[in-house]
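# Structural characterization, general
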Amino acid sequence: MVIGMGLLDLNLHNKLPEKFRADFPALSNSVYLDSAATALKPQTMIDTTVEYYAHNTATAQRSLHQDALKVTTAISEARQSVAKFIHSQSSHQIVWTRGTTESINIIAQSYARPLLQADDEIIVSELEHHSNLLPWLIVAKQTGAKVIKWTADVNELSSLLSPKTKIVSITQMSNVTGFCPDLVKISQLVHQHNAILVVDGAQGVVHQPIDVEKLDIDFYAFSAHKLYGPTGLGVLYGKQHLLEQMDVWQGGGKMLKNTTFSDFEVEDLPYKFEAGTQNIAGILGFKATLDWLKKWDEAQLNCYITQLANYAESKLSELNHIQFYSVKNSPIISFNMHNIHHNDIAILLSEQNIAIRTGGLCAKPLMDKLGCHGVIRISIMPYNNQQDIDSFVTALKNAIEVLT
Ligand code: PMP
């Protein structure tokens with residue numbers, strides 16, 4: 001894609017976004033360019049959640065009345081939908097969690113902690129969100145293992161991998177720069193060294209098709225809320241033999257086959273990781289979201305986003321004293337305006353009804369590397385359109401005028 005290709009090409013795809021936009025009631029509130037923080041929700045996901053609370057409230061896997069049995073079945077169908085979506089062989093490898101953060105913490109505490117010994121190494125890229133760094137720092141403190149910093153460059157990885165490496169953890173797409181590491185090559189290298197590969201799919205799952213089997217990913221984590229789904233729900237995928245060998249995460253109802261007062265036998269996968277009542281409304285809402293997503297041509301949506309990102313970048317490039325941090329044509333565009341604090345921009349944009357994200361984006365080590373305290377980020381989804389970008393750029397210009 002060439003910068004400046006502009007209006008003509010965007011108009012080619014306008015029909016699809018207009019239909020897509022119509023499914024998002026919250027679009028009437030503001031120009032929403034903060035989807036990398038959390039995506040807006042389609043009407044069907046909202047309706048399904050309301051329906052559950054209004055008419056079909058029941059618990060899953062416990063009671064035997066009709067509504068409870070329906071909910072139990074729906075939850076297992078939802079698990080199958082997720083398995084299909086990420087190309088997991090079995091739905092038993094799909095564990096419901098609260099989100100990416102919890103998924104990675106489970107890997108760190110239930111897989112890594114019993115395995116790691118002093119001086120073992122966990123390689124983590126410097127691009128990572130705190131959710132894919134802190135769990136490793138915590139488990140390193142607990143075990144004496146070391147967290148090794150990596151640029152996310154494949155060539156550098158070869159020189160970092162050694163017999164001491166037990167885990168390599170990497171984002172599928174940086175929430176700051178939009179960079180997508182080469183997971184094919186990374187996976188090959190990691191497995192040549194008998195380490196395991198953890199992928200944080202929080203951003204990537206939204207914009208790239210993912211095939212955990214083909215990529216030979218050992219653990220994959222993502223959050224429903226960034227993929228048009230509900231908050232408070234996430235997924236942990238793991239290879240079956242790894243999930244089986246792992247310690248349980250939390251104790252409580254339904255993670256056990258049998259218990260006495262002094263001991264217990266754990267349930268099979270995936271239930272051994274799902275103590276307590278799950279986020280039932282969220283899971284049902286997410287199933288509806290995934291069904292709704294199937295209506296759209298993913299390649300067409302991604303092509304549209306690339307064009308819109310290209311348009312936004314070309315508009316922003318016209319501004320004086322702008323510094324970009326993101327890769328070209330990414331749905332995530334991060335930048336700073338020279339001598340203007342990012343948060344001042346956010347406040348002045350908010351006054352003009354434009355929602356964006358500013359700050360460290362939960363990636364402080366990356367901010368240190370970029371040499372800034374924070375950035376201005378817009379993130380683009382197929383429900384955004386050219387008018388959104390135009391309104392944002394006009395509002396940004398107004399803000400700059402006030403601040404300089
Ligand atoms: N990883 C990345 C790359 C993210 O962008 C985010 C959310 N900003 C997370 C992890 C954490 O996701 P959650 O807060 O939903 O657990």
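What counts, and where the lines are drawn
- Residues numbered from 1 in each chain as written.
- Predicted model: local features only at pLDDT ≥ 70, side-chain atom pairs only at ≥ 80, totals over all residues.
- Heavy atoms only, no water.
- Helix = DSSP H or I, 4+ residues; strand = E, 2+ residues; numbered from the N terminus.
- Rg over C-alpha atoms; globule rule 2.2 N^0.38 Å.
- Buried < 20%, exposed > 50% of the residue type's maximum accessible area, 1.4 Å probe, protein only.
- Contact = heavy atoms within 4.5 Å.
- Pairing = 2+ DSSP bridges.
- Near = heavy atom within 4 Å.
- Polar contact = N/O pair within 3.5 Å; in protein donor to acceptor, adjacent residues only side chain to side chain.
- Nonpolar A, V, L, I, M, F, W, Y, C, P; charged D, E, K, R; others polar.
- Domains from an automatic or database assignment.
- Buried area = accessible area lost by both parts, 1.4 Å probe.
- Salt bridge = Lys/Arg side-chain N within 4 Å of Asp/Glu carboxyl O.

Now for the overall build of the protein. Secondary structure assignment for the protein yields 15 helices and 15 strands. By the compact-globule yardstick of 22 Å for 404 residues, the protein fits well, its C-alpha radius of gyration being 22 Å. Once the C-alpha set of the protein is aligned to its principal axes, its extents read approximately 70 × 55 × 35 Å. Within the protein, the proportion of its 404 residues that are buried is 56%. Contacts spanning at least 24 positions in sequence make up 71% of the contacts within the protein whose residues lie at least 6 apart.

This part covers the pairing of strand β12 (residues 332-337). Burial runs high along β12: six of the six residues are buried. By the alternation rule, side chains of β12 split into I332, S334 and N336 and I333, F335 and M337, which are all buried. Bridge count for strand β11 (residues 322-324) against β12 is three bridges, and the pairing is antiparallel. When the bridges of β12 are listed, I322 appears paired with M337. Bridge count for β12 against strand β15 (residues 375-379) is four bridges, and the pairing is antiparallel.

Taken together, the neighbourhood of the ligand is formed by 13 residues, with T101, D200, Q203, S223 and K226 sitting nearest. Take T100: an N or O atom from its main chain is 3.4 Å from an oxygen atom of the ligand. At 3.2 Å, a side-chain N or O of H129 approaches a nitrogen atom of the ligand. Across the shell around the ligand, the residue classes tally to one nonpolar, 10 polar and two charged.

With respect to the secondary-structure elements, D34 resides in the loop between β1 (31-32) and α3 (43-54). Once residues within four sequence positions are removed from consideration, D34 is found in contact with A355, I356, R357, R377 and S379.

Under the domain assignment used here, the protein contains domain 1 (11-32 + 297-403) and domain 2 (47-293). In this structure, domain 1 and domain 2 have C-alpha centres spaced 29 Å apart. Domain 1 puts 27 residues into the contact, and the matching count from domain 2 is 22 residues. For the pairing of domain 1 and domain 2, the buried interface totals around 1900 Å² over both sides, and the portion due to carbon and sulfur atoms is 62%. In this structure, the salt-bridge partner of E126 is K369, at a minimum N-O distance of 2.7 Å. Where domain 1 touches domain 2, the interface holds 10 residue pairs in polar contact (both at pLDDT 80 or more). Only α12 (298-317), β12 and α14 (364-370) provide two or more residues apiece to the side of domain 1 that touches domain 2. It is α14 that contributes the most residues to the side of domain 1 that touches domain 2, six residues altogether. Residues that form the side of domain 1 that touches domain 2 fall into these classes: 18 nonpolar, four polar and five charged.

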